[in-house]
Amino acid sequence: MFDTLPGFREFPPDACAQRNHLFRVFRTVARAFDFQEYDVPVLEPLDLYLEKSGEEIANQLFHFEDKGGRKVALRPELTPTLARMIAARANSLPKPVKWFNIGEHFRYERPQKGRGRSFYQFNADLIGEPGIDADAELIALLCSIFESFGLGSKDVVVRLSDRVTWVLLLDQLGISEDNRPATLDAIDKSERRKPEQTIESLESANPSRGKELFEKIQQIKGLSNLDDIVNRLEGCGKEGQARAQQWRQLMARISAHGYDPMIQVDLSIVRGLAYYTGFVYEAFEASGQGRALAGGGRYDHLIQKLSGNCDLPAAGFAIGDMTLSDCLEANGLLPKYIISPDLFLLFAETERDLGLRLSNRLRKAGHSTSYSLKTAGFGKQFKDAGKSGARYAIILGEDEVERSEVKVKDLRSGLEENCKITELVDKIEYWDGEGGISE
Ligand code: HAM
């Protein structure tokens, strides 16, 4: 026996139906926001991620050399591929581009609750629009998806932060541009680490300032409402004042969309991926349990870095299926799907050909139809019909067929009615509309 690889999942029909429920909601809400679906390869040149995703993801890549000697990787995320795709079509695409994708991703992480080595993401990105309205539109889409699953502000929270604010505040602390990436990385990881480890990382990024910076950064991370952040930014010169204004605008837009109750201003969010340049956010269960449900933000320079010439502003986010399923399950919001046919045909062996012709007609009319594949008596066929979960059993007995009729039994009520074979499709639709066969 071969087991599945660690961190990979199989989806038997009930799990597949639940996964499809997530995908259906993603698609419906994305279309309501007028995002268009696209798709891309799962296998990409390794360098795409080594250069663009940042160190954390680079260490988690599934990569190998293909038979042509190319270094390739299974996609750990979608954003670099999207950026390349947009750069190649930049002139011909009407802006803004509003695209979404649902697809599988691969990261060699330690498998644990909410974390696998293969997982699905819903990605939504908005490209070509530098203004705050694009960020607000994406955050509204994220919140609206949660809402459509039945999750409200008591259940989930979107923690909103800003890389520009961090850059301005780090400048104020005298941290040079060269030391900034390692400092931001230490801040990003500080949520999951002991203070001593963070002090050590800050010390190695900014020699002999580790402890002092740790305390100052803790204080910044404690700024937990808009007014505190705005006040702090107003002490950072003209750029700080301009950013304070954008914070206010973004929060006002999110309120106008109706989603301010789901938002929590929280500068402890920095985002691990290297390409973010502006407002960033992560969604979590409001209880604080579990890992991030979603994450995203603005990444204005990635497309230019990939193409060398095409400078297009961009922003987006991704929701993962594993943490979202756990959250829905914990809140009793994962519907149980019963996967059964609508109709089950029963026939005497002499009527099998007629049965198959009839099942063909019923299936073409859109009714999921099943029957026993093996020759069996009516008793056994009735048992199969019951097990299948079908609503109606359609019986082609010799007597009925002689009169060009079938007997239909409503397996919920036990009521039966005969009808002409030629009228069966219409009759099924009629009974469905009436809630079943009635006396
Ligand atoms: P990310 O934060 O790396 O962002 O991933 C987004 C979400 O994918 C996470 O919040 C989590 O739900 C899920 N996820 C990530 N890794 C795993 C894993 N190993 N197992 C299960 N779920 C996981 C990005 O990927 C960005 N590319 C999002 C983005 C789109 N930014 C702009 N556009």
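Scroll up a little and you will see the structure.
Residues numbered from 1 in each chain as written. Predicted model: local features only at pLDDT ≥ 70, side-chain atom pairs only at ≥ 80, totals over all residues. Heavy atoms only, no water.

Draft legend 1. Expanded view of helix H6 (residues 163-172). Among the residues of H6, those classed as buried are Arg163, Thr165, Trp166, Leu168, Leu169 and Leu170. Buried residues in H6 make contact with strand E7 (156-162), helix H7 (180-190), helix H9 (210-221), helix H10 (226-234), helix H11 (237-257) and strand E9 (279-285). The N-terminus of H6 is capped by Asp162, whose side-chain oxygen sits 3.1 Å from the backbone nitrogen of Val164. After H6 finishes, the residue Gly174 shows a positive phi value of roughly 80°. (Buried < 20%, exposed > 50% of the residue type's maximum accessible area, 1.4 Å probe, protein only. Helix = DSSP H or I, 4+ residues; strand = E, 2+ residues; numbered from the N terminus. Contact = heavy atoms within 4.5 Å. Polar contact = N/O pair within 3.5 Å; in protein donor to acceptor, adjacent residues only side chain to side chain.)

Draft legend 2. Here's a closer look at the site of the ligand. The immediate surroundings of the ligand are formed by 26 residues, with Glu77, Thr79, Glu109, Asp125 and Tyr276 found nearest. Take Asp125: an N or O atom from its side chain is 2.7 Å from a nitrogen atom of the ligand. Between the ligand and Phe317 there is a distance of 3.4 Å, counted from a nitrogen atom to a backbone nitrogen or oxygen. If the ligand stood free it would expose 660 Å²; the protein chains cover 97% of that surface. Every element with two or more residues in the shell around the ligand is listed here: strand E6 (118-127), strand E10 (294-298), strand E11 (314-320) and helix H13 (321-330). Looking at side-chain class alone, the shell around the ligand contains 11 nonpolar, nine polar and six charged residues. (Near = heavy atom within 4 Å. Areas by Shrake-Rupley, 256 points an atom, 1.4 Å probe, with all protein chains shown as cover. Nonpolar A, V, L, I, M, F, W, Y, C, P; charged D, E, K, R; others polar.)

Draft legend 3. Geometry of a negative patch on the surface. On the surface, a cluster of negative charge is contributed by Asp342, Glu423, Asp426, Glu429 and Asp432. By the element assignment, Glu429 lies in helix H17 (residues 424-434). Relative accessible area serves as the criterion here: at 41%, Glu429 is assigned to the partly exposed category. (Patch = residues over 30% accessible without salt bridge, like charges linked within 9 Å, V, L, I, M, F, W, Y side chains within 5 Å. Salt bridge = Lys/Arg side-chain N within 4 Å of Asp/Glu carboxyl O. Lys, Arg positive; Asp, Glu negative; His and termini not counted. Charge placed at Lys NZ, Arg CZ, Asp CG, Glu CD.)

Draft legend 4. Main features of the pattern of salt bridges. One pass over the full model with this rule turns up 30 salt bridges. When the shortest N-O distance is used, the salt bridge between Asp384 and Lys380 registers 2.9 Å. Pair noted here: Asp384 and Lys380 are both in helix H15 (residues 378-388), with a separation of four residues, about one helical turn. Taking the shortest distance from any N to any O, the salt bridge between Arg391 and Asp410 comes out at 3.0 Å. Of this pair, Arg391 sits in the loop between H15 and strand E14 (392-396) while Asp410 sits in strand E15 (residues 405-410), and the two are 19 residues apart along the sequence. Of the two residues, Arg391 and Asp410, neither departs from the other in class, the shared state being buried. What you see here is one network of salt bridges that share partners, running through Arg159, Glu191, Lys221 and Asp266.

Draft legend 5. Geometry of the nonpolar core. Counting 73 residues, the largest nonpolar core has Phe26, Phe122, Phe146 and Leu160 as its most contacted members. The element best represented in this core is helix H5 (residues 132-148), accounting for 11 residues. (Core = buried A, V, L, I, M, F, W, Y, C linked by side-chain atoms within 4.5 Å.)

Draft legend 6. Representation of the packing of helix H8 (residues 195-205) against H9 in the model. In contact at an axis separation of 8 Å, H8 and H9 are set at 115° when each is read in the N-to-C sense. Pair H8 / H9 crosses with right-handed handedness. Across the interface between the two elements, Pro195, Thr198, Ile199, Leu202 and Glu203 of H8 pack against Gly210, Lys211, Leu213, Phe214 and Ile217 of H9. Of the residues in the contact of H8 with H9, the class split is six nonpolar, two polar and two charged. (Axes fitted to C-alpha atoms, helices over the stretch in contact; angles between N-to-C directions. Left-handed = near helix turned anticlockwise from the far one by under 90°.)

Draft legend 7. Geometry of the sheet that holds E15. Strands sit in the order E13-E12-E14-E15-E16 across an open sheet of five strands; the sheet is mixed. The outermost strands of the open sheet, each flanked by one partner alone, are strand E13 (369-371) and strand E16 (416-420). Pairs of neighbouring strands in the sheet enclose a mean axial angle of 30°, with direction left out of account. Pairing geometry for strand E12 (residues 343-347) and E14, over five bridges, is parallel. Bridge pairing links Leu343 to Tyr392 in E14. On the sheet, helix H14 (residues 352-364) packs against E12, E13, E14 and E15 and is oriented at approximately 160° with respect to E13. (Pairing = 2+ DSSP bridges.)

Draft legend 8. Focus on the packing of aromatic side chains. In the structure shown here, the tally under the stated rule is 15 aromatic pairs. Their ring planes at 85° and their centres at 5.8 Å tell us that Phe26 and Phe149 sit as a pair that is edge-to-face. Placement of Phe26 in helix H1 (residues 13-32) and of Phe149 in the loop between H5 and E7 is noted, with a sequence separation of 123 residues between them. You can call Phe26 buried: its relative accessible area is 1%. With a centroid separation of 5.1 Å and an interplanar angle of 35°, the aromatic rings of Tyr38 and Trp99 are classed as tilted. Within this pair, whereas Tyr38 is found in the loop between strand E1 (36-37) and strand E2 (43-45), its partner Trp99 is found in strand E5 (residues 97-106), the two being separated by 61 residues in sequence. Considered together, Tyr38 and Trp99 belong to a single accessibility category, that of buried residues. An aromatic cluster is present here, built from Phe26, Phe100, Phe122, Phe149 and Phe317 joined pairwise through their rings. Lying over the aromatic face of Tyr108, Arg117 brings its terminal NZ or CZ to 3.8 Å of the ring centre. (Phe/Tyr/Trp six-rings, centres within 6.5 Å; stacked < 30°, edge-to-face > 60°. Lys NZ or Arg CZ within 6 Å of the ring centre and 35° of its normal.)

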